[in-house]
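# Commentary on secondary and tertiary structure
In case you want the letters, here they are:
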Amino acid sequence: MGLTRSPSCTHTTSISSAAASPSSNPSRRRRRRCYDNLFTADPALRNLFRGDMREQGAKLMQMIGAAVSLLDQPELLSSALRKLGARHAGYGVAEPHYASVGGALLRTLQAGLGESFTVEVRNAWVALYDFVSRSMIDAARAEATSAASALRYV
Ligand code: HEM
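Residues numbered from 1 in each chain as written. Predicted model: local features only at pLDDT ≥ 70, side-chain atom pairs only at ≥ 80, totals over all residues.

### Regarding the overall build of the chain
Going by this rule: Going along the chain from the N terminus, every DSSP run of H or I of four or more residues is numbered as a helix, and every run of E of two or more is numbered as a strand. Burial is judged by counting the other C-beta atoms within 10 Å of a residue's own C-beta: 20 or more makes it buried, 12 or fewer makes it exposed, and any count in between marks it as partly exposed, with every C-beta position built from the backbone. Placing a C-beta atom from the backbone of each residue, one calls two residues in contact when those atoms lie within 7 Å.
Looking only at helices and strands, the chain has six helices and zero strands in total. Listing the helices and strands of the chain from first to last along the sequence gives α-α-α-α-α-α. When each of the 154 residues of the chain is scored for burial, the buried share is 25%. A sequence separation of at least 24 residues applies to 78% of the contacts in the chain between residues at least 6 apart.

Given below as structure tokens:
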């Protein structure tokens, strides 16, 4: 999991800027703040990211949007999140990383939205992140268990 260039933190920056203003690009200052939030809390995370971070951020926002629009189709939603969770295990993402990203996400939203980040808005983000990340973690665990049992027969 090497890193060849300095990462920014689009996983959380893009959520914050989209929530604040859907058409605006993340400012350099906000990206830096998020970078500080996430990588200060968990410096090991910087080694995981290597792709185009803007593109990753856009994909994350699409995924969150898709999750919300699929809330009334739980089977489709669950299947999409399980696949996403399995892919994340392949990127080297481990369970504790979800808490780090969740914490950085909330701090970045708070900083970006200010007074608009009410208790209700915060609770809604916590509930959504909790649901999405738990689905992804469960899938990664199931994948690891089935890989371990397959290895017993090799
Ligand atoms: C709510 C939780 C999360 C969501 C919805 C999410 C969503 C996404 C999406 C949509 C992608 C694009 C690639 C794909 O679809 O497979 C992606 C990539 C990625 N995510 Fe996440 N993610 C989440 C949590 C995390 C966490 C906790 C980490 C750990 C730091 C992480 C690290 C990564 C990495 C390393 C990539 C690949 C980036 C690259 O190759 O540069 N993600 N994520």
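### Here's the deal with the nonpolar core
As a rule of thumb, soluble globular proteins bury nonpolar side chains together. Filter applied, for reference: Structurally, a nonpolar core is described as a collection of buried Ala, Val, Leu, Ile, Met, Phe, Trp, Tyr and Cys residues joined by way of C-beta atoms within 7 Å.
Membership of the largest hydrophobic core is limited to six residues, which are Tyr98, Val101, Ala104, Leu105, Leu109 and Trp125. Here this core gets five residues from one element, more than from any other, and that element is helix 5 (residues 95-113). If you look at the next biggest cluster of nonpolar residues, it comprises five residues, including Leu81, Val132, Met136 and Ala140.

### Points about the confidence of the model for the chain
Worth spelling out the cut-off: Confidence scores per residue from the predictor, reported as pLDDT, run from 0 to 100.
Mean pLDDT for the chain: 73, with 59% of residues reaching 70 or above. For the chain, the element scoring lowest by mean pLDDT is helix 1 (residues 10-20), at 47; helix 4 (residues 74-90) scores highest, at 90. Within the model, the stretch residues 1-9 combines pLDDT values under 50 with 19 contacts to residues more than four positions away or in other chains. Low pLDDT (under 50) marks residues 13-26, which in the prediction has 32 contacts with non-local residues, meaning those over four places away or in another chain.

### Considerations on helix 6 (residues 119-151)
What counts, and what does not: Every helix has an expected span of 1.5 Å times one less than the residues it contains.
Between its first and last C-alpha atoms helix 6 spans 47 Å; for 33 residues at 1.5 Å apiece the expected length is 48 Å, and the two agree. Among the residues of helix 6, Trp125, Val132, Met136, Ala139 and Ala140 are the ones counted as buried.

### Side note on helix 5
Heads up, the rule is: Directions drawn from the helix axis to the C-beta atoms are what define this arc.
With 19 residues, helix 5 extends 28 Å from end C-alpha to end C-alpha; this agrees with the ideal 27 Å at 1.5 Å per step. For helix 5, the set of buried residues is Tyr98, Val101, Ala104, Leu105, Thr108, Leu109 and Gly112. Seen along its axis, helix 5 keeps its buried residues to an arc of 140°; they face one direction. Of the residues flanking the end of helix 5, it is Gly114, one or two places downstream, whose phi is positive at about 55°.

### What about the packing of helix 5 against helix 6?
Under the convention used in this document: In this analysis, axes come from line fits to C-alpha atoms, helices being fitted only over the stretch in contact, and the angle between any two N-to-C directions falls in the range 0 to 180 degrees. Roughly parallel covers angles under 35 degrees, roughly antiparallel covers those over 145, roughly perpendicular covers 65 to 115, and oblique covers all other angles. Left-handed is the label given to a crossing in which the near helix is rotated counterclockwise from the far helix by less than a right angle, and right-handed is the label when the rotation is clockwise. Charged residues are taken to be Asp, Glu, Lys and Arg, nonpolar residues to be Ala, Val, Leu, Ile, Met, Phe, Trp, Tyr, Cys and Pro, and polar residues to be all remaining types, Gly included.
Where helix 5 contacts helix 6, the axes come no closer than 11 Å and their chain directions differ by 160°. What the angle tells us is that helix 5 and helix 6 run roughly antiparallel. When the axes of helix 5 and helix 6 are compared, the crossing they make is right-handed. Here Glu95, Tyr98, Gly102, Leu105, Leu106 and Leu109 of helix 5 come into contact with helix 6, specifically with Arg122, Trp125, Tyr129, Ser133 and Ile137. Split by residue class, the contact of helix 5 with helix 6 holds seven nonpolar, two polar and two charged.

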